[in-house]
Amino acid sequence: MTASRASPFAIGRLFHEIDTHHRLSVSLQGAAAGNTYLDSCVERLEPEVAELRRLLGEAAKP
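Residues numbered from 1 in each chain as written. Predicted model: local features only at pLDDT ≥ 70, side-chain atom pairs only at ≥ 80, totals over all residues. Heavy atoms only, no water.

**Digging into the pattern of salt bridges**
The criterion, for reference: For this analysis, a salt bridge means a side-chain nitrogen from Lys or Arg found within 4 Å of a carboxyl oxygen belonging to Asp or Glu. Only runs of H or I of at least four residues qualify as helices and only runs of E of at least two qualify as strands under DSSP, and these elements are numbered from the N terminus. Whether a residue is buried, partly exposed or exposed follows from its accessible area with a 1.4 Å probe, protein chains only, as a fraction of its type maximum: under 20%, in between, or over 50%, in that order.
Enumeration according to the criterion identifies 3 salt bridges in this entry. Close ionic contact of Glu-51 with Arg-54 constitutes a salt bridge, the shortest N to O distance being 2.7 Å. Linking Glu-51 with Arg-54, this pair stays in helix H2 (residues 31-60), spanning 3 residues, or about one helical turn. Owing to a relative accessible area of 28%, Glu-51 belongs among the partly exposed residues under this scheme. Overall, the relative accessible area of 39% leaves Arg-54 in the partly exposed class. Each member of the salt-bridge network shares a partner with another, and the members are Glu-51, Arg-54 and Glu-58.

That's the geometry; what it means functionally is another story.
Okay, here's the thing in structure tokens:
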């Protein structure tokens, strides 16, 4: 999913999925595993977030 094609619903589903996997990691493997999972999500999503910020910045220009 690229930021230019992401809908609010797709983003919501993505965050729900991340939350679900984080909760499973914590309950099955402990807090350290949950934190490791969140760190991996941040690494994977950082380029998407940067692109979304760029697009929003361009849209805000007069």
